[in-house]
Amino acid sequence: MDNMFDKLQALADRYDELNEMLSDPEVISDSQKFRELSKEEGELRETVEKYNEYKRVTEALSDDQEMLRDKLDSDMESMVKDEISDLEKQKATLEDEIKILLIPKDPNDDKNIIMEIHGAAGGDEASLFAGDLYTMYTKYAERQGWQVEIIDENATEVGGFKEIVLMITGDKVYSKLKYENGAHRVQRVPVTESAGRVHTSTATVGVMPEEEDVDIQIDPKDVRVDVYRSSGAGGQHINKTSSAVRMTHLPTGIVVAMQDERSQQQNRAKAEKILKARIYDYYKQQEEDEYNAERKSAVGTGDRSERIRTYNYPQNRVTDHRIGLTLNKLDRIMNGELDDVIDALIVSDQARKLEELQNAEEL
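The structure contained in this document is the topic of the report that follows. Please read all numbers here as calculations on a predicted model, not as lab measurements. (Residues numbered from 1 in each chain as written. Predicted model: local features only at pLDDT ≥ 70, side-chain atom pairs only at ≥ 80, totals over all residues. Heavy atoms only, no water.)

Here we take up the overall build of the chain. When you go through the chain residue by residue, the secondary structure sums to 10 helices and 11 strands. Split into buried and exposed, the 363 residues of the chain put 40% on the buried side. Taking the intrachain contacts of the chain between residues at least 6 apart in sequence as the baseline, contacts between residues at least 24 apart amount to 61%. On the chain, roughly 20100 Å² of surface is accessible, and the fraction owed to carbon and sulfur atoms is 47%. (Helix = DSSP H or I, 4+ residues; strand = E, 2+ residues; numbered from the N terminus. Buried < 20%, exposed > 50% of the residue type's maximum accessible area, 1.4 Å probe, protein only. Contact = heavy atoms within 4.5 Å. Areas by Shrake-Rupley, 256 points an atom, 1.4 Å probe, with all protein chains shown as cover.)

Bringing the pairing of strand 2 (residues 147-155) into the picture now. Summarising the sheet, strand 2 and strand 3 (residues 161-169) pair through 8 bridges and their orientation is antiparallel. The residue bridging Val 148 from the neighbouring strand is Ile 168, located in strand 3. In textbook terms, the turn of a hairpin is the stretch between consecutive antiparallel strands, and for strand 2 and strand 3 this stretch comprises 5 residues, one of which, Gly 159, has a positive phi near 110°. (Pairing = 2+ DSSP bridges.)

The subject of this paragraph is the sheet that holds strand 7 (residues 244-249). The sheet built from 3 strands is open, its strands ordered 6-7-8 with antiparallel pairing. Pairing within the sheet leaves two strands with one partner each, and these edge strands are strand 6 (223-228) and strand 8 (254-258). On average, adjacent strands in this sheet sit at an angle of 15° to one another, irrespective of strand direction. For strand 6 and strand 7, the ladder comprises 6 bridges, and the chain directions are antiparallel. The residue bridging Arg 224 from the neighbouring strand is Thr 248, located in strand 7. (Axes fitted to C-alpha atoms, helices over the stretch in contact; angles between N-to-C directions.)

Our focus in this paragraph is the pairing of strand 5 (residues 199-209). Of all 11 residues in strand 5, 8 are buried; the element is thus mostly enclosed. The pairing of strand 1 (residues 113-119) with strand 5 spans 7 bridges and is classified as antiparallel. Following the sheet pairing, Met 115 is matched in strand 5 by Val 207. Bridge analysis of strand 4 (residues 182-188) against strand 5 gives 7 bridges, and the strand direction is antiparallel.

Along the chain, Val 165 falls in strand 3. According to the relative accessible area criterion, Val 165 is buried, its value standing at 1%. Remark: the alpha-carbon pair of Val 165 and Glu 153, spanning 12 residues in sequence, is separated by 6.1 Å. Beyond its immediate sequence surroundings of up to four residues, Val 165 is in contact with Ile 114, Met 115, Glu 116, Glu 149, Ile 150, Ile 151, Asp 152, Ile 274 and Arg 278.

We now examine the sheet that holds strand 1. Read from one edge to the other, the open sheet built from 8 strands follows the order 2-3-1-5-4-9-10-11, with strand pairing classed as mixed. The two strands at the open ends of the sheet, each matched to only one other strand, are strand 2 and strand 11 (325-327). Between one strand and the next, the sheet's axes are offset by a mean angle of 15°, whatever the strand orientation. Relative to strand 11, strand 10 (residues 317-320) runs antiparallel, the two being bridged by 3 bridges. Across the sheet, Val 318 pairs through a bridge with Leu 327, a residue of strand 11.

With that settled, consider helix 5 (residues 124-144). Under the 1.5 Å per step criterion, the end-to-end length of helix 5 is 31 Å for 21 residues, consistent within 8% with the ideal 30 Å. After helix 5 finishes, the residue Gly 145 shows a positive phi value of roughly 80°. (Expected span 1.5 Å × (residues − 1).)

Applying the stated criterion to the full structure yields 5 aromatic pairs. Between the aromatic rings of Phe 5 and Tyr 54, the centroid separation amounts to 5.2 Å while the plane-to-plane angle is 25°, which identifies the pairing as stacked. In this pair, Phe 5 is assigned in helix 1 (residues 2-22) and Tyr 54 in helix 3 (residues 31-68), connecting sequence segments 49 residues apart. Take Tyr 54: its relative accessible area is 7%, and that puts it in the buried class. Aromatic pair Phe 129 and Tyr 311: ring centres 5.3 Å apart, planes at 70°, arrangement edge-to-face. (Phe/Tyr/Trp six-rings, centres within 6.5 Å; stacked < 30°, edge-to-face > 60°.)

Turning our attention to the nonpolar core. The tendency in soluble globular proteins is for nonpolar side chains to be buried side by side. Judged by nonpolar contacts, the single largest core of 34 residues is most densely connected at Met 115, Ile 117, Leu 133, Tyr 137, Ile 168, Leu 177 and Tyr 311. The dominant element in this core, judged by the number of residues it contributes, is helix 5, at 8 residues. Leu 133 has contacts with Ile 117, His 184, Ala 203, Val 205 and Tyr 311, leaving out every residue within four places of it along the chain. Judged by nonpolar contacts, the second largest core, of 20 residues, contains Leu 8, Val 48, Leu 61 and Ile 84. (Core = buried A, V, L, I, M, F, W, Y, C linked by side-chain atoms within 4.5 Å.)

This next bit is on the packing of helix 3 against helix 4 (residues 74-101). Contact geometry for helix 3 and helix 4: axes closest at 9 Å, N-to-C directions at 155°. Between helix 3 and helix 4, the crossing angle belongs to the class labelled roughly antiparallel. For the crossing formed where helix 3 meets helix 4, the hand is left-handed. Within the contact of helix 3 with helix 4, the residues separate by chemical class into 14 nonpolar, 4 polar and 11 charged. (Parallel < 35°, antiparallel > 145°, perpendicular 65-115°, else oblique. Left-handed = near helix turned anticlockwise from the far one by under 90°. Nonpolar A, V, L, I, M, F, W, Y, C, P; charged D, E, K, R; others polar.)

See the structure below:
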């Protein structure tokens with residue numbers, strides 16, 4: 001505990017220092033420096049406020065315990081004891097909250113995401129399920145006040161998607177949707193099944209933080225860019241111009257093709273954005289594979305082949321296999337009410353990280 005409070009005091013000192021710097025005219029005139037320091041101040045604010053509250057509660061608790069040592073009438077003594085009981089509960093709650101705030105934050109948590117949903121095993125039914133997942137995430141995003149943009153899609157004749165790529169923007173999108181990486185399994189009677197038998201199909205979901213130039217540098221020599229004429233609807237314009245763009249990252253073999261937009265420049269910008277996210281994700285996966293080879297984590301491994309969740313339609317049931325969570329409200333979850341699932345995953349992840357932090361401090 002002493003180590004924790006030393007860390008908290010250091011953060012409080014840094015927070016005070018940042019506020020002084022942010023009022024310095026030289027810093028104010030340097031927009032980039034001001035932005036960086038403001039971001040750091042914002043990240044520390046909640047932790048320091050909780051720490052200050054903890055100190056106030058601890059001081060009040062100490063004062064009340066001192067009062068009990070004096071001779072008090074019975075009414076006053078009872079009142080002080082009640083107050084001590086309340087303060088001790090507040091202190092315990094604040095300690096738990098502060099421990100969670102001290103867990104190292106994922107640097108990507110504040111970022112927007114690129115989400116890829118692929119129909120996997122199960123043919124037409126898998127593509128329909130991919131479409132259902134797209135609807136579920138879109139409705140969840142609406143509930144969060146986020147914006148969803150379709151970047152690329154490969155629709156099937158039955159009304160689903162072989163693949164659909166989304167950009168989801170808003171407040172802390174990655175912090176909540178990063179747990180959706182993996183294989184999602186559906187058990188239901190397909191619309192094409194005349195005998196009424198339950199089939200099992202899968203779709204995979206990939207969640208990648210949107211990457212800016214400062215996050216990942218790609219050597220232009222490592223990227224081959226091909227332009228070609230778009231196929232599909234579009235009439236004369238598409239036949240006459242080479243507006244479609246294909247980018248290949250040679251070191252990893254990652255390929256992104258984009259032809260949705262009218263101009264080559266627009267397609268190039270979108271392809272570049274997806275390429276950066278996929279390259280970042282590729283190297284991040286390698287790092288996580290190395291980590292997980294030593295110590296397997298139940299939540300957030302990001303392994304696309306790992307079956308993370310089953311959606312059972314006949315029993316209106318959803319099960320997240322990583323944390324053993326089962327909820328009998330599939331209909332509501334598919335309507336975008338994902339909070340219970342995601343909140344449980346966040347709590348589980350925090351508990352694991354907290355345990356790792358405490359074990360490291362004991363070494």
